[in-house]
Structure formats: C-alpha cells, structure tokens
Amino acid sequence: MFDAIRGAAASVAVMVGVSVGCMANAGSGDGPSRDHGYAVKKSEAQWKAALSEQAYRVLRQGGTERAFTGELWDHHGDGVYVCGGCGQPLFDSEAKFDSGTGWPSFYRPIRADAVETHRDTTLGMVRTEVRCSRCGGHQGHVFKDGPPPTGLRYCINSAALDFRSKTSTSTRPARPSPGR
Ligand code: FE
C-alpha cells in the first residue's frame, strides 16, 4: 500500500520534472517555427556569425534582456527602430513612450505588417510574442496596458533593435556587435 503510494508520488515527481524541463528548454512561443516562411532566412551558424551574442540570444532564441540594461530603453532620438536581424523598420520614435519597465516601449509598430504575433505560453504565462515579419526574429511581447491611441504596449528588447536617426544616415555607433 505505502509502496504503491510512494511509487505514484515518484511518478508524479518525474512528470513534473519533465514538464519543467520542457518549459525551460522551450522556444519563445508555440506558433510556427522561427525559420518558417520568412523572406530572410539564414542557418543558425550564419545568424551566430552575423549577430552579437546578446542579439542572437534574443532574436533567435527568444531570450529577454534584463530590465534597464539595454541601450535603447531610455533612448529618445528622432528616427526609426529597425530589426537587429534584418534591418526592416519596425517602430517609429514617434510611437515610443516611457513605460517605466526598463525596456523600449511603443504603442504601435511602424506598419501593421512589420511585425507578427504568436501565442506564447512559456514561463507559466500566456503572452503575445512579437516577431519581425521579415526574418522571424523575436522582438518581445505586446500587452494591452499601453497608452492612447492604441492602448497597446509593445515591450521590446534593445538587443533586438537598431536605431536609425532621421537626421543622420548613420546607425548608432556604440553597439558592440562584432561581425556585423
Ligand atoms: Fe527582422
């Protein structure tokens, strides 16, 4: 009797262990593969060679930078934020606002089709993942607690973006991204 109970408990423990392990190893989102059907496609080796370690972890592995550590959360230039993976314009500085979260935040993308969304159930939460529509690069998540006029908050990783000033042809120069 007690052996049976102990056996059942052990089985539950194993199941929980497997579940947690899968969650920790899961990608960001359970939508289509990050490589499926995008105009810009590269092998993992090519992405690794093209991106900084941090940008690769965010864009290609769905990672999240720590709050208040990125280069762009407190950035206030007049320009366009483009995908760090493929250069597609994603957000205009006009739509950037101070969310207090420590991540670059926007109330809308520069075009509706510049980004795509996927249901993300990792980390025990249901969130809406935001990806670049051209390369599938993970950008962050969108929440419904943003300001007018949309009420949306696109919570984006600095490491997934590059900034291009409207008053200069150069991109911001300080970002350490060897190989790009
Ligand atoms: Fe992209």
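Residues numbered from 1 in each chain as written. Predicted model: local features only at pLDDT ≥ 70, side-chain atom pairs only at ≥ 80, totals over all residues.

**Q** Can you walk me through the overall build of the protein in this structure?
**A** What the protein contains, in helices and strands, is three helices and nine strands. Counted from the first residue to the last, the protein has its helices and strands arranged as α-α-α-β-β-β-β-β-β-β-β-β. Taking all 180 residues of the protein together, the buried fraction comes to 33%. A sequence separation of at least 24 residues applies to 60% of the contacts in the protein between residues at least 6 apart. (Helix = DSSP H or I, 4+ residues; strand = E, 2+ residues; numbered from the N terminus. Buried ≥ 20, exposed ≤ 12 C-beta atoms within 10 Å, placed from the backbone. Contact = placed C-beta atoms within 7 Å.)

**Q** Honestly, the nonpolar core in this entry has me stumped. Any pointers?
**A** Most often, soluble globular proteins keep nonpolar side chains buried together rather than apart. Formed by 30 residues in total, the largest nonpolar core has its most connected members in Ala 55, Leu 90, Tyr 154, Ile 156, Ala 160 and Leu 161. For this core, the secondary-structure elements that each account for two or more residues are α3 (53-59), β1 (79-83), β2 (89-92), β6 (127-132), β8 (153-156) and β9 (161-165). Examining the composition of this core, we find that four residues originate from one element, α3, more than from any other. (Core = buried A, V, L, I, M, F, W, Y, C linked by C-beta atoms within 7 Å.)

**Q** Would you mind showing me how to read the sheet that holds β1 here?
**A** In any sheet, the strands associate via hydrogen bonds between backbone groups, in a parallel or an antiparallel arrangement. Pairing is antiparallel across the open sheet formed by three strands, whose spatial order is β2-β1-β9. Two strands in the sheet have a free side with no partner beyond their single neighbour: β2 and β9. The average angle at which neighbouring strand axes cross in this sheet is 30°, direction not considered. Looking at chain direction, β1 and β2 are connected through three bridges and run antiparallel. Within the sheet, the bridge partner assigned to Val 82 lies in β2 and is Pro 89. (Pairing = 2+ DSSP bridges. Axes fitted to C-alpha atoms, helices over the stretch in contact; angles between N-to-C directions.)

**Q** Mind showing me how you'd approach the sheet that holds β6 here?
**A** The antiparallel open sheet is built from six strands, whose spatial order is β3-β4-β8-β7-β6-β5. Since the sheet does not close on itself, it has two edges, and those belong to β3 (96-97) and β5 (115-120), each with one partner. In the sheet, strand β7 (residues 138-143) pairs with β8 via four bridges, with the strands oriented antiparallel. Of the residues in β8, the one forming a bridge with Val 142 is Tyr 154.

**Q** It is not clear to me how unusual backbone geometry should be interpreted in this structure. Could you clarify?
**A** With the exception of glycine, the majority of residues adopt a negative phi angle, and the majority of peptide bonds are in the trans configuration. Pro 148 connects to Pro 149 through a cis peptide bond whose omega is 5°. Within the secondary structure, Pro 149 sits in the loop between β7 and β8. Positive phi, close to 65°, is recorded for Phe 68, a residue that is not glycine. Summarising the element assignment, Phe 68 is placed in the loop between α3 and β1. You will see that Leu 123, though not glycine, has its phi angle at about 60°, which is positive. Leu 123 gets classed as exposed once you count the C-beta atoms within 10 Å, which come to 12.

**Q** What's the story with the environment of Ile 156 in this structure? I'm lost.
**A** Residue position: Ile 156 is located in strand β8. On a C-alpha basis, the gap between Ile 156 and Val 142 in space is 8.3 Å, while along the polypeptide they are 14 residues apart. Ile 156 has contacts with Trp 103, Pro 104, Phe 106, Val 130, Gln 139, Gly 140 and Leu 161, leaving out every residue within four places of it along the chain.

**Q** Help me understand the environment of Val 142 in this model?
**A** Mapping Val 142 onto the fold places it in strand β7. If we skip the residues at most four places from it in the chain, Val 142 touches Thr 117, Thr 128, Val 130, Leu 152, Arg 153 and Tyr 154.

**Q** Can you help me understand the environment of Gly 70 in this one?
**A** Its place among the elements puts Gly 70 in the loop between α3 and β1. Distance from Gly 70 to Trp 103, taken between C-alpha atoms, is 7.2 Å for residues 33 residues apart in sequence. Non-local contacts of Gly 70, meaning those with residues more than four positions away in its chain, are made with Glu 65, Trp 103, Pro 104, Asn 157, Ser 158 and Ala 159.

The analysis is restricted to geometry; functional conclusions fall outside its scope.
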